[in-house]
Structure formats: C-alpha cells, structure tokens
Amino acid sequence: MAGYATGDKCIISELRSKYAGRPWSETQQLVRRCLASAAHAPETDKSKADSSSSPVLISCLAKLYEAMNECSVSAIISRLETIAMQRGLGSHLSPTESTCYLTSDMFYVEVLLSGDGVQDVKLALHGEAPESSETLLELLRLKKYEEFSAKLDCLNSFYNIPGDNEIKIKIYNTLQCLEKDLLKISNLPRSLEVCDVHVDTVLNGRIGCIVPRREGTPMTIEYYLSPYDILMETKNAEQTTGGRLALVTAGTIDGTQRLPTSSLIPQPPQIASQGLPVFSPLEDSNSDELPSCFLLRLRPPLAMMSSIVLRVQKITGLTLSDSDLKWMPYPQLLLENILEENGRTGSWENGDAHFVLLPKNQTYSFALSEAMENPTSLEGSFVRDIPFSHPAHVPALLELLRHQSALNTLLFSCITCYRPCKASEADFHCEVILENDSSLSLHFCQAHSDSLTVLLVNIDDSRQISCRLFPRGRMDALTDDYLSRVLKRCMSIPVTMRALYWRLTATLTVETSPEASSLITTENETLAASTSCPVAETNVSLPLEEPAEIPMETSVDVSGNETNTVFAASVGSYYVISATSPQSVDTVNTETPVKPYPAHRDVFPGQHWSTNEPMTI
C-alpha cells in the first residue's frame, strides 16, 4: 500500500510541474478530449478500456467548471454537455450555436442562450409542443447545476421505460389516456361535505386532490390529510402540506397487460349508482397488450397491513412485488417509522408501554399489543408502488389507502419516544389491542375502581369511525356518540381517552353529589358538555422534556358561557378542537355553511360537522 501511495504522489507531482504554467482552459480542453474519446470510442475499444474511466473523467470535468466559475456562453454549453453525459442523455447545438438541446427517447430540454446567459428553458415531452419551464430556468440562472442535473435525472428515470422506441411510445400514450380519464372523474360534480374545499377534495373526493402532470413532474394525487396536517396547512398556507401523496406513473411487469389506448369514459359521462362514471369495455379498438402496467407510487411509503395488501391485489388483479415487501409485526412497522423520523433505532416487544405527555403535565401510558388469535394476519410492510391497469381501480384503491392511513394515524397518536423518569408516574394506563384492520380495543381500569372497561373502536372506512363502551350503562348511548365525535375530530387516542376519563369521573361524582347529578342530566339532554379537555394532542413526536405550563385565557362560546381556551404550545404538541352535535342527513353540508366566526376556521375533517354549535373538548 505504501508503494502505491508513493507512486500516486510522484504522478501528481509530475502533473503539477507539467501544467503549472498553463491556463485552466488548456487543462480543460485536454480533459474534454479524453472524455470525448472515451464516450465516443467504438464498442471494441470500450471493452478494452477501464469501464470506470468515463465517470471519473466526467467528475473531473465538473470540478474544473466549478473551480473556474465562468459565466460565458461557451462555459454554460460545456456544463450542459457534461450534465447530459452524467445522466445518459444526448446533447447537440443548433446551427447558430444559440440553443443547446439535451435529448432522450421520450423528452428533450431546449436551453436558449444569448450573450447575457440563459434566456429560456423549454421542456418537450414526446408528441407534445415544448413549454417554458420556470423551475429549470431559475436553476440555470442561479447556477444551481447540481439541482438542474437532479431534475433531469428524475425526468429520465420517470420516462425510462424498457423496450424499443415503439413500445416506449405506446406505453407513454396509455399513460396520457389514463391521466385524461382520472381528470374527468375528478371534475364530476359532487356535494361539499367539509367547509374547506381543499380538505373536502382530499378526504372525500372520488379521486382525491389531483394535480395534472407538468414540467416533467408526474400527475400527483393527494389522498389523505390528518388533523395535524390540516392544522399545519392553516398555519403555513404558503408551504406544502404534509398529506399523503400518490404519483401516477408507468412500470414494467412480467408478461403483458391490456392497457387503454384511448379514453374509456364516453362524453357525456353516464354516472353509475356508486357515483363513478360508466367505463367502456376494453376491446382491441381502445386497448393494447403491453409489457407494462400503471403505478401508484406512494410518497411517503405507506405502512400497510397484510389484509389490506390482499384487498388491494383483489381490486387490481395484480400482485405486489415480493422483493419490495418486508413483512414484520405491524406494531413494529409503526414503531420503526416513528424512530426513523426521530433518528433513533429500537425494536418492539408485545406490550411495550409508550408515554404521551398531555396538558397540565399529565402522562398517559399506552401498551400496544396484538390480538392473540391469528397474529400472522397482523403483519405489515411498507408499500411503495401499487400496480394497476384500469382507471376504475384508482377510486377503490384510494379508499383503501385512506382506510389504512386513518388506522395508522390513530395508532401513531399513542406511539412516542417520550419516556418519564419512572413508569409508575403515569396518571393513566391503557392497553391498545389491534384486533384486525378495522377494529381495535382499548382496555383500562376506571378511576377509583378495579373494574375493567373496554372501549371498542370500529373503523369502517376513513370517514366512518365509531366507539362503543363496555360494560354497558345507563348513559352509554350518549357516551358512545360523544366519543365517536371526539375521535373523528382529532384522530387521537390519547385525547379521546382523556375525554372519556373525565366523563367517567363526572359520572362517578353524580352518585355522591345531587347538584352534580342535575348538572350531568342537563348536559346529556343538550349534548353541549364543556367539561372535557379543551386540547387535542397531535401525532407528532413529543419532546423529551416536559413542556411549560400552557397559557390559558377565558373566552365566551356561542351559547354565551365562559370557557377556558388553551392556546397551542410552542412545540406544536397540542391544538384546540371542538366537537358538535350530529345533524340529520337531510341537512348536512351540501353547500358551504355560513360560519358565524370566520376567525375560527374549521380545519378538522369529519362528516356532518359545522361550527354553529361548538362544544369544547
């Protein structure tokens, strides 16, 4: 090893002495000549050369350009040619040398140059007219060549479809037909269920909130928002939301799949009973057998239970690649997600306790366990790509993705990295048992009692979540309705258990206090209780230290009663929520309701909710 090091130093010394008196441009031209000879050599000569020489030379050339920091047109052209070689693209100049083209089989980038630098950047996908790209233009004008190169790499990978040019063109055309049909489904009229149009489109739209493909970015579908995502969107309107996304792309499969080559939705569309359009059957005239399929590429990857994966495969008739699935206990999957976000590592043991810090420094502990029967059905894996072949698959797939996201949100709310000094310091203990992909049970002991109480949570879909308390009592119907509304509004198990704990404590007080009994009776008749916690805890990671006392201020609610409002903590761990009495189905929000207090924006999703009768939780 010492001999190699000495030899390298001798070579470097000789190179330095040889080129010490020569300008950078001469060294640059030498490297470019070597690079050109390596890149354009005949295949027989390339096989004899070192296969790694070309990347090394490209890297050297890029460093030379960065060191010289030239702004001339020739320097910009040289940088663009180097980027093209790095990304496996072709490049050439127009006859007047005022335009540089970066080309591939499925797209090309047109860079217009002048004495002042880059004038415009146009992107043209296959069969489409070139369009100006503000994003690419800004990157070149700011000399952010690495980011520009990364954008081209994303474009190249997106359209990197194996096969000859004819197959690539056919697959790309089918992708365009799919995008047109998805836009038609998205534009079908429907009633508004939530005041916020964007939130309603994401959570209740047939196809979610869809963003058409532009500047080489694939068509994007936003299909789920948690209450915390909605709150952050409200606070930071200019920032991108943290909602769940799915990119619509194409991929390859073993064998062939019949894909549409024209729109399957006739005009005008005929609407079926499920609210979806009637699709034309696949025939030789409107489809073709191709070695490809469509993909919903999930961003970020979604932790999905094995039973949900089976339902996905039943809808599409296509199997998810086994090489992309890594099965493990579903709670372990969720824990790994939380730990990864916090830069930690760890493993899950059945019954491990997690501690959630609530307002007034209350600590609740939650032990996440699996049901004893058939534990293999509770396995899960991160899913990145979902293959499908028909536009009718997408609405059904999005419903399953929303269902899984809702379940994940509930369980994430009671999985944290916070640990108190002593486990015995927890004010409330609860065991969370995952029964199946649509049900979980919460087991705890009531205050001042040794009796076991169970709260059963049923998740029919992302919009239909209900609670049922056992053992049954005289106020259970009202309590079930109350807890269901709390849980749907905040999607937080700790907040719901805190509300239940306080309600049970108030019920226990009825037995010893006639005044309290009269008060609770009135509360149950009107369903306008204000004795529950006014703060909701989000599913974000909680701080390791305990937060300071949360400031409170007296305010007046709609009914004229004074209530204590708790402001959001600086760490973003809590936020104000309100639950309302349910409305009849005939009078639900088919139009945007008039809000008496515009400053209090209704940012929490749910069916049949308005702010006309708020009840502080």
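The coordinates are above.
Residues numbered from 1 in each chain as written. Predicted model: local features only at pLDDT ≥ 70, side-chain atom pairs only at ≥ 80, totals over all residues. Heavy atoms only, no water.

K.L.:
Can you walk me through the overall build of the protein chain in this structure?
P.N.:
Counting its secondary structure elements, the protein chain contains 16 helices and 23 strands. Long-range pairs, those at least 24 residues apart, make up 65% of the contacts in the protein chain between residues at least 6 apart in sequence. Surface exposure of the protein chain reaches about 30,500 Å², of which carbon and sulfur atoms provide 52%. (Helix = DSSP H or I, 4+ residues; strand = E, 2+ residues; numbered from the N terminus. Contact = heavy atoms within 4.5 Å. Areas by Shrake-Rupley, 256 points an atom, 1.4 Å probe, with all protein chains shown as cover.)

K.L.:
In this structure, what is going on with helix 9 (residues 197-204)? I would like to understand it.
P.N.:
Because the α-helix completes a turn every 3.6 residues, residues three or four places apart line up on one side. Of all the residues in helix 9, the buried ones are Val199, Asp200, Val202, Leu203 and Asn204. Down the axis of helix 9, the sector holding all buried residues measures 165 degrees, keeping them to one side. The inward-facing, buried residues of helix 9 contact strand 6 (209-211), strand 7 (219-224), helix 10 (227-235) and helix 13 (393-412). (Buried < 20%, exposed > 50% of the residue type's maximum accessible area, 1.4 Å probe, protein only. Arc of directions from axis to C-beta.)

K.L.:
Could you clarify how one ought to interpret the nonpolar core in this entry?
P.N.:
Note on soluble globular proteins: their nonpolar side chains tend to be buried together. The biggest cluster of nonpolar side chains holds 122 residues, and the ones touching the most others in it are Leu440 and Met497. Examining the composition of this core, we find that 10 residues originate from one element, helix 13, more than from any other. If sequence neighbours within four positions are ignored, Leu440 has contacts with Leu407, Leu411, Val432, Ile433, Leu434, Glu435, Leu455, Leu456, Val457, Ile459 and Ile493. (Core = buried A, V, L, I, M, F, W, Y, C linked by side-chain atoms within 4.5 Å.)

K.L.:
Looking at this model, I keep getting lost on the environment of Glu81. Mind explaining?
P.N.:
Assignment of secondary structure puts Glu81 in helix 5 (residues 73-86). Glu81 sits in the buried class, given a relative accessible area of 19%. When the C-alpha atoms of Glu81 and Leu93 are compared, they prove to be 9.7 Å apart, with 12 residues separating the residues in sequence.

K.L.:
Which parts of the structure should I look at to understand the packing of aromatic side chains?
P.N.:
Ring pairs (aromatic) are described by centroid distance and by the angle formed between their planes. Summed over the entire model, instances satisfying the criterion amount to 5 aromatic pairs. Geometrically, the ring pair formed by Phe428 and Phe444 is tilted, given 5.5 Å between the ring centres and 50 degrees between the ring planes. With Phe428 in strand 14 (residues 428-436) and Phe444 in strand 15 (residues 439-445), the pair connects residues that are 16 residues apart, well separated along the chain. For the pair Phe428 and Phe444, a shared accessibility class is recorded, and that class is buried. Summarising the aromatic geometry, the rings of Phe428 and Tyr501 are spaced 5.5 Å apart at their centres and angled 75 degrees between planes, so their arrangement reads as edge-to-face. Separated by 73 residues along the polypeptide, Phe428 in strand 14 and Tyr501 in helix 15 (residues 493-510) bring together distant segments of the chain. Residue class for Phe428 comes out buried when judged on its relative accessible area of 3%. In this structure Tyr501 comes out as partly exposed when scored by relative accessible area, which is 25%. In this arrangement the basic side chain of Arg503 is found over the ring face of Tyr482, its NZ or CZ atom lying 4.4 Å from the centre. (Phe/Tyr/Trp six-rings, centres within 6.5 Å; stacked < 30°, edge-to-face > 60°. Lys NZ or Arg CZ within 6 Å of the ring centre and 35° of its normal.)

K.L.:
I'm lost on the sheet that holds strand 3 (residues 107-114) in this one. Help?
P.N.:
The strands that make up a sheet are held in pairs by hydrogen bonds between backbone atoms, and each pair lies either parallel or antiparallel. Read across the open sheet, the 5 strands follow the order 1-2-3-4-5; overall the sheet is antiparallel. The sheet terminates laterally at strand 1 (90-93) and strand 5 (131-132), the two strands that pair on one side only. Inspection of the sheet shows strand 4 (residues 117-125) paired to strand 5 by 2 bridges, in the antiparallel sense. Paired with Lys122 across the strands is Ser132, a residue of strand 5. Contacts from helix 5 reach strand 1, strand 2 (99-103), strand 3 and strand 4, with the element oriented near 165 degrees to strand 3. Seen against the sheet, helix 7 (residues 145-158) touches strand 2, strand 3 and strand 4 and runs at an angle of roughly 155 degrees to strand 3. (Pairing = 2+ DSSP bridges. Axes fitted to C-alpha atoms, helices over the stretch in contact; angles between N-to-C directions.)

K.L.:
In this structure, what is going on with the pairing of strand 12 (residues 362-370)? I would like to understand it.
P.N.:
Strand residues, when the strand is regular, have side chains that alternate between the two faces of the sheet. Most of strand 12 sits inside the fold, with 9 of its 9 residues counted as buried. Judged by which residues are buried, strand 12 turns out to be covered on both faces: Gln362, Tyr364, Phe366, Leu368 and Glu370 on one side and Thr363, Ser365, Ala367 and Ser369 on the other are all buried. In this structure, strand 11 (residues 353-358) lies alongside strand 12, joined through 6 bridges in antiparallel fashion. Within strand 12, the residue paired with Val356 across the bridge is Tyr364.

K.L.:
Would you mind showing me how to read the packing of helix 12 (residues 330-341) against helix 13 here?
P.N.:
For any two helices packed against each other, the geometry comes down to the angle between their axes and how far apart the axes lie. Close contact between helix 12 and helix 13 brings their axes to 11 Å; oriented N to C, the two are set at 70 degrees. The angle between the axes of helix 12 and helix 13 places the two elements in the roughly perpendicular class. Where helix 12 approaches helix 13, its residues Tyr330, Leu334, Asn337 and Ile338 are matched on the opposing element by Gln404, Leu407, Asn408, Leu411 and Phe412. In terms of residue class, the contact of helix 12 with helix 13 is built from 6 nonpolar, 3 polar and no charged. (Parallel < 35°, antiparallel > 145°, perpendicular 65-115°, else oblique. Nonpolar A, V, L, I, M, F, W, Y, C, P; charged D, E, K, R; others polar.)

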